[in-house]
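As a plain string of letters, each chain reads:
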Amino acid sequence: MSERRTSEELRAQLLELLDAFEHELQNDDLRAQVRALVPAQAALGKLGTSLLQSESARGRILEYLQHYPRQVVSGQELKAVAGISEWARRVRELRVEQG
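Residues numbered from 1 in each chain as written. Predicted model: local features only at pLDDT ≥ 70, side-chain atom pairs only at ≥ 80, totals over all residues. Heavy atoms only, no water.

Draft legend 1. Local environment of the nonpolar core. One finds Leu52, Ala57, Ile61, Tyr64, Val73, Leu78, Val81, Ala82, Val91 and Leu94 forming the largest nonpolar core, which totals 10 residues. Of all elements in the fold, only helix 3 (57-67), helix 4 (75-82) and helix 5 (87-98) reach the threshold of two or more residues within this core. Look past the residues within four positions of Ile61 in its chain and what remains in contact with it is Leu78, Ala82, Trp87, Arg90, Val91 and Leu94. If you look at the next biggest cluster of nonpolar residues, it comprises 6 residues, including Leu10, Leu14, Ala40 and Leu47. (Core = buried A, V, L, I, M, F, W, Y, C linked by side-chain atoms within 4.5 Å. Buried < 20%, exposed > 50% of the residue type's maximum accessible area, 1.4 Å probe, protein only. Helix = DSSP H or I, 4+ residues; strand = E, 2+ residues; numbered from the N terminus. Contact = heavy atoms within 4.5 Å.)

As structure tokens, this is what we get:
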């Protein structure tokens, strides 16, 4: 299993990637600009998942929801903590399995 990076380390990495993206904005090549965003998007996902202890997306969603009982939680919040595109499927699984 790989070592988990701290939120601060991931934040620093994200800032570096955004600086690199800023440099690419000087370039007229649209594809180069988009490709410079890909690592930043991945780093942002890792940063969101680093905020909770669980190793699985479903576990992180459950942990987050348990922190905020009886409160409306947006899909964007769940997407950020899940770190996967299939976060809604995990919510449905939790609904079926745990109510």
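There is more to say, and it comes next.
Draft legend 2. Structural detail: the packing of aromatic side chains. Under the counting rule described, the total for this entry stands at 1 aromatic pair. Pairing Tyr64 with Tyr68 gives two aromatic rings, centres 5.1 Å apart and planes at 55°, and the pair type is tilted. (Phe/Tyr/Trp six-rings, centres within 6.5 Å; stacked < 30°, edge-to-face > 60°.)

Draft legend 3. Highlighting the packing of helix 3 against helix 5. Running from N to C, helix 3 and helix 5 cross one another at 70°; their axes reach a closest spacing of 9 Å. Comparing their axes, helix 5 and helix 3 come out roughly perpendicular. For helix 3 against helix 5, the interelement crossing comes out right-handed. Between helix 3 and helix 5, the residues in contact are Arg58, Ile61 and Leu62 and Trp87, Arg90, Val91, Glu93, Leu94, Glu97 and Gln98, respectively. Among the residues making up the contact of helix 3 with helix 5, the classes are represented as 5 nonpolar, 1 polar and 4 charged. (Axes fitted to C-alpha atoms, helices over the stretch in contact; angles between N-to-C directions. Parallel < 35°, antiparallel > 145°, perpendicular 65-115°, else oblique. Left-handed = near helix turned anticlockwise from the far one by under 90°. Nonpolar A, V, L, I, M, F, W, Y, C, P; charged D, E, K, R; others polar.)

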